[in-house]
2 protein chains.
Amino acid sequence: MAVMPTRTGRPPKISKADIVAAAHRVVETDGVAALTMRRLAKEVGSTAMALYHHVRDREGLLLLLLDEHAAALPRPELPEEPRERVVAAAVALREALSGYPWVVDVLRADDLLSVGALWYPEQIIDAAVRAGTSIEEAVDVYRIIWHYTAGEVGGRAAARGRREEGGGTYREQVFGELDAAEFPRLSEVGARWEELTARDTYAKGVRALVRGLLP
Amino acid sequence: MAVMPTRTGRPPKISKADIVAAAHRVVETDGVAALTMRRLAKEVGSTAMALYHHVRDREGLLLLLLDEHAAALPRPELPEEPRERVVAAAVALREALSGYPWVVDVLRADDLLSVGALWYPEQIIDAAVRAGTSIEEAVDVYRIIWHYTAGEVGGRAAARGRREEGGGTYREQVFGELDAAEFPRLSEVGARWEELTARDTYAKGVRALVRGLLP
DNA sequence: ACCTGAACACCGTTCAAGT
DNA sequence: ACCTGAACACCGTTCAAGT
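For clarity, every value in this text was computed on a predicted model and none was experimentally measured. (Residues numbered from 1 in each chain as written. Chains lettered and ligands numbered in written order. Predicted model: local features only at pLDDT ≥ 70, side-chain atom pairs only at ≥ 80, totals over all residues. Heavy atoms only, no water.)

Here we take up the protein's contact with DNA strand C. Taken together, 23 residues sit near DNA strand C, with Arg10(A), Arg38(A), Tyr52(A), Lys13(B) and His54(B) positioned nearest. Take Met37(A): an N or O atom from its main chain is 3.0 Å from a phosphate oxygen of DNA strand C. The separation between a phosphate oxygen of DNA strand C and a polar main-chain atom of Lys13(B) is 2.4 Å. Residue assignment for the surface near DNA strand C shows that the elements contributing at least two residues are α2 (37–44) of chain A together with α3 (48–51) of chain B. Class assignment of the residues belonging to the surface near DNA strand C gives a composition of eight nonpolar, seven polar and eight charged. (Near = heavy atom within 4 Å. Polar contact = N/O pair within 3.5 Å; in protein donor to acceptor, adjacent residues only side chain to side chain. Helix = DSSP H or I, 4+ residues; strand = E, 2+ residues; numbered from the N terminus. Nonpolar A, V, L, I, M, F, W, Y, C, P; charged D, E, K, R; others polar.)

In structure tokens, the structure reads:
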């Protein structure tokens, strides 16, 4: 039975859990860029400086947020057949991340997900091994799928952000200046680019990777 | 013959070209985060506010920088065989970007590269069509490869950044807390993760995509 | 036309002081 | 032990004024 340590000094007004919960709220509604120490302090009814008693710095706060989020990710049923299993796990991972693109920004640094979300790499690596690869190759498979997934989620998030602020002019400019002799294919596609790139091709890519990587 | 417009008023001290050149220097040596208006002003021997007479805002400056950089990208000889051609173009694109990961950050928003770098999508789409796909499918092929490339370049850049500031502790923490019963494969890999993920698997991934996507 | 200084509304973080 | 206020060293951007 754990003995409660005798606490001394001023009783805490805010807890780490309060902070993380508030941070979650801010990020969810206004994005990761809006998560400033001052804004967060206002949200928990305290000062920015008080936060530094509970988290090391902003980076540490983001990692905390990441862990909390990762622990809540769904672990869907996956098909037994290894190749289908890899595809399904990747699609689930993309699905899990695409609502929270800030996650990709935070952990893009590592090939690995946060502690709470290791279920995905575990499933993918295991399924790859069961499909007949060595464990080393299975790690490659996972990392390649991860890079593809990170690029897709990150790209889509940025595209959405730009759309929201009335962008789209850059793309138009690109196609406007296009030299049809130098870029025949792009000219051929031309105005249809918007329509063609609106389609969701994630699963298609993962299936191609699985077909190309697994024996 | 173009008539020189009669210029009036104060003669310019700094030009757009000066600004872009200085910006290039800053980004090259200290990364895109170090490119602040004030820092850039110091670099060109002016004030931050003077810059706003030559560029719309920081975002516009980055796009300018992007175009300048894109125009200088190499256009290597590519093999004739369509599948090999796609792989070679993708590898060249990755190569071109990996020295300049800030480019990925800037243009992650669009599937498309800057005006100056359309050569790469043109080659990839053209080769895919010559391999037997429809133009619509060829666009998919390009976008899937682009997402994979953006994810790989972005991830590698972030990993390098973290390594430079003595990081790596997060990965260790992840493997430290690992439950071998829940994550048998990750435990099996364990300490070798570092070694396994140091390998360059980009080309392997592109080849898999090409094998899986092209007829 | 081009540049400047001052100002506005922000940042993350540190530090000494209060309770 | 926990919180606060003031301060430091920054941001991007606007605006009125100068040359």
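Chain B puts 66 residues into the contact, and the matching count from chain A is 66 residues. The junction of chain B with chain A conceals about 6200 Å² of combined surface from both sides, 61% of it contributed by carbon and sulfur atoms. In this structure, the connection of chain B to chain A is made through eight salt bridges. One salt bridge connects Arg192(B) with Glu136(A), and the closest N-O pair in it is separated by 2.9 Å. Between the two partners, chain B and chain A, sit 18 residue pairs in polar contact (both at pLDDT 80 or more). Secondary-structure elements contributing two or more residues to the side of chain B that touches chain A are α4 (58–71), α6 (101–107), α7 (119–130), α8 (135–164), α9 (169–176), α10 (184–189), α11 (193–197) and α12 (202–213) of chain B. With 17 residues, α8(B) is the largest single contributor of residues to the side of chain B that touches chain A. (Contact = heavy atoms within 4.5 Å. Buried area = accessible area lost by both parts, 1.4 Å probe. Salt bridge = Lys/Arg side-chain N within 4 Å of Asp/Glu carboxyl O.)

Per the UniProt record, the feature "domain: HTH tetR-type" (unreviewed entry) sits at residues 13–73 of chain A. When the span residues 13–73 of chain A is considered, its composition is 67% helix and 0% strand, and the gap between its end C-alpha atoms is 30 Å. (UniProt positions renumbered as here; feature names shortened; annotations may be inferred.)

So, on to the relation of the copies chain B and chain A. Between chain B and chain A, which share one sequence, the superposing operator has a rotation angle of 180° and an axial displacement of 0.0 Å; the RMSD is 0.1 Å. Such a turn and shift between the copies fits a two-fold axis. (Least-squares fit on C-alpha atoms with pLDDT ≥ 70 in both.)

Now for the nonpolar core. Ranked by size, the top nonpolar core spans 146 residues in total, and within it Leu35(A) and Leu35(B) carry the most contacts. Aside from chain neighbours lying at most four places away, what touches Leu35(A) is Ala23(A), Val26(A), Val27(A), Leu40(A), Arg58(A), Leu61(A), Leu62(A) and Leu65(A). (Core = buried A, V, L, I, M, F, W, Y, C linked by side-chain atoms within 4.5 Å. Buried < 20%, exposed > 50% of the residue type's maximum accessible area, 1.4 Å probe, protein only.)

A few words on the packing of helix α1 (residues 16–30) of chain B against α4(B). Helix-helix packing is described using two parameters, namely the angle between the two axes and the distance between the axes. Residue and element names in this part refer to chain B. Where α1 contacts α4, the axes come no closer than 10 Å and their chain directions differ by 85°. The orientation of α1 relative to α4 falls into the category roughly perpendicular. For the pair formed by α1 and α4, the contact residues are Lys16, Ile19, Val20, Ala23, His24 and Val27 on the first element and Leu61, Leu64, Leu65, Glu68 and His69 on the second. Here the residues of the contact of α1 with α4 are counted per class, giving seven nonpolar, two polar and two charged. (Axes fitted to C-alpha atoms, helices over the stretch in contact; angles between N-to-C directions. Parallel < 35°, antiparallel > 145°, perpendicular 65-115°, else oblique.)

With that settled, consider the domain arrangement of chain A. Residues and elements named next belong to chain A. Here chain A is described as being made up of domain 1 (16–71) and domain 2 (82–213). Taken over C-alpha atoms, the centre of domain 1 sits 28 Å from the centre of domain 2. Taken together, the contact pairs 11 residues of domain 1 with 10 residues of domain 2. Roughly 910 Å² is buried in total at the junction of domain 1 and domain 2, and carbon and sulfur atoms are behind 78% of that figure. When the area that domain 1 buries against domain 2 is broken down by residue, the three leading residues are Leu66, His69 and Ala70, summing to 51%. Inspection of the region where domain 1 meets domain 2 yields zero residue pairs in polar contact (both at pLDDT 80 or more). Of all the secondary structure elements, the ones that give two or more residues to the side of domain 1 that touches domain 2 are α1 (16–30) and α4 (58–71). (Domains from an automatic or database assignment.)

A few words now on the side chain of Ser98(B). Residues and elements named next belong to chain B. Its place among the elements puts Ser98 in helix α5 (residues 82–98). A relative accessible area of 16% places Ser98 in the buried class. Reaching out from Ser98, the side chain makes a polar contact with the backbone oxygen of Glu95 at a distance of 3.3 Å.

Let us now look at helix α2 (residues 37–44) of chain B. Residues and elements named next belong to chain B. Turning to α2, its buried residues number three or more, namely Met37, Leu40, Ala41 and Val44. One side of α2 holds all its buried residues, which, seen down the axis, span an arc of 105°. When the buried face of α2 is taken as reference, the exposed residues oriented beyond 90 degrees from it are Arg38 and Lys42. Elements in contact with the buried residues of α2: α1, α3 and α4. Once α2 finishes, Gly45 follows within two positions and takes phi at roughly 70°, a positive value. (Arc of directions from axis to C-beta.)

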